[in-house]
Amino acid sequence: MTGVPAPAAGGSGAPRTRGAAGAPDAPVAGVSGTGTTGSGVSGTSASGTGVSGTGASGTGVSGTGVSGAQGPKAPRGGKLIDAAVNQASVWNVANLLTMLRLVLVPGFVALMLADGGYDPVWRAWAWAAFAVAMITDVFDGHLARTYNLVTDFGKIADPIADKAIMGAALICLSYLGDLPWWVTAVILGRELGITLLRFWVIRYGVIPASRGGKLKTLTQGIAVGMYVLALTGPLATLRFWVMAGAVALTVVTGADYVRQAIVLRREGMAERKAAAEEAEA
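Residue positions are given per chain, counting from 1 as you read along its sequence in written order. Only residues with pLDDT of 70 or above have their local features reported here, since the model is predicted, and side-chain atom pairs are shown and tallied only from 80 upward, although totals for entire chains, interfaces and linings are computed over all residues. Side-chain metrics rest on all non-hydrogen atoms present in the structure, leaving aside hydrogens and water.

Here's the deal with the side chain of Thr253
Here is step 1 of the chain: Secondary structure follows DSSP: runs of H or I at least 4 residues long count as helices, runs of E at least 2 residues long count as strands, and numbering of each begins at the N terminus. In this structure, Thr253 sits in helix α7 (residues 234–280).
Here is step 2 of the chain: Burial status follows relative accessibility: with a 1.4 Å probe on protein chains alone, a residue under 20% of its type maximum counts as buried, one over 50% as exposed, and anything between as partly exposed. Of the residues examined, Thr253 reaches a relative accessible area of 6% and is grouped as buried.
Here is step 3 of the chain: Among the polar contacts listed, one links the side chain of Thr253 to the side chain of Arg190, at a separation of 2.8 Å.
Here is step 4 of the chain: Only heavy atoms matter for contacts: two residues are in contact if any of them lie within 4.5 Å across the pair. Among all residues touching Thr253, those that are not within four sequence positions of it are Arg190, Gly212, Gly213 and Lys216. N or O atoms closer than or at 3.5 Å make up a polar contact, with two conditions inside protein: a donor-capable atom paired with an acceptor-capable one, and, for residues adjacent in sequence, both atoms drawn from side chains.

Here's what the structure looks like:
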């Protein structure tokens, strides 16, 4: 019909949809002008035969679809950034103390063997280096656990540093004739055996450090430190008994670790067998 003015775009004269009987329905809500922007729908207003006109004008949904539905993409080189952060985390205070203990090992050996290995002054300096190594052993583990500074480097380097300084001290003392070689063999053999035992059962679980093991480490440190010093008289007798206690704890705790490893392996194999049978059922 002529003479009927066209409704203004987006105004109150917006086109109404018509049902099957041709009766006007409510105007299309939320679709007017350029459509709803910001939620992913953009372009021209939706209009179709069920709405009006010839269908959705343009594409109805701009670009690649609903914009803003996906989160922000990771920046290029994100993996390199993560790797750099992880690499930087190695240089924390706990790992630096572990590195210091590793550096002290050759210095300790040089001080122990200086001037034939029997000079009380050089032995006192060697004791100081050994004491620093033992103290840092306590602090680096505490700091790593308390402040979440545990790294793969620390897990590997810390036990190596512990065994390196203790092994160097025992070998030097036996070489100088201050400590029987069988004592050195028992202590170092136990440490090596327990390390291999841990790797043997690691697929089934981890053998936790026991109180006896910690007491053994403390007693060994005190005994070896007393032997490093050039002691005479009653103190020399006392260090003999302290070392005897350390050797006894070394043997007892070693046997306990073997027992734990056998139990852990047996339980792990039983759990795997039960899981396999359940999967087959």
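Once you've had a look at it, read on.
Considerations on a nonpolar patch on the surface
Here is step 1 of the chain: On the surface, Leu113, Ile171, Tyr175 and Trp181 cluster together into a nonpolar patch covering about 460 Å² of accessible area.
Here is step 2 of the chain: Here Trp181 is to be found in helix α5 (residues 181–200). Residues enter a patch when their relative accessible area is above 30% and they make no salt bridge; the linking distance is 9 Å between like charges and 5 Å between nonpolar side chains (Val, Leu, Ile, Met, Phe, Trp, Tyr). Each accessible area is a Shrake-Rupley result for a 1.4 Å probe, and residues are judged covered by the shown protein chains and nothing else. The salt bridge criterion pairs a side-chain nitrogen of Lys or Arg with a carboxyl oxygen of Asp or Glu, the two atoms within 4 Å.

Some points on the pattern of salt bridges
Here is step 1 of the chain: If you walk through the whole model with that rule in mind, you get seven salt bridges.
Here is step 2 of the chain: Connected through salt bridges with shared partners, the residues Arg101, Asp137, Asp158 and Asp162 form a single ionic network.

Let's talk about the side chain of Thr98
Here is step 1 of the chain: Position of Thr98 relative to the elements: it lies in helix α2 (residues 93–113).
Here is step 2 of the chain: When its relative accessible area of 2% is taken as the criterion, Thr98 is described as buried.
Here is step 3 of the chain: Contacts of Thr98, omitting those with residues within four sequence positions, involve Asp140, Ala157, Asp158 and Ala161.

Some points on the nonpolar core
Here is step 1 of the chain: Take the buried residues of types Ala, Val, Leu, Ile, Met, Phe, Trp, Tyr and Cys, join any two whose side-chain atoms come within 4.5 Å, and each joined set is a nonpolar core. Phe108, Met112, Phe130, Val224 and Met243 are the most contacted members of the largest nonpolar core, which totals 30 residues.
Here is step 2 of the chain: Put simply, the parts of the chain that give this core at least two residues each are α2, α3 (120–146), α4 (152–175), α5, α6 (211–228) and α7.
Here is step 3 of the chain: With seven residues, α4 is the single largest residue contributor to this core.
Here is step 4 of the chain: Beyond its immediate stretch of four places on either side in the chain, Met243 contacts Leu179, Val183, Ile187, Ala223, Val224 and Tyr227.
Here is step 5 of the chain: Ile194, Leu197, Tyr204 and Tyr257 belong to the second largest nonpolar core, which has eight residues in total.

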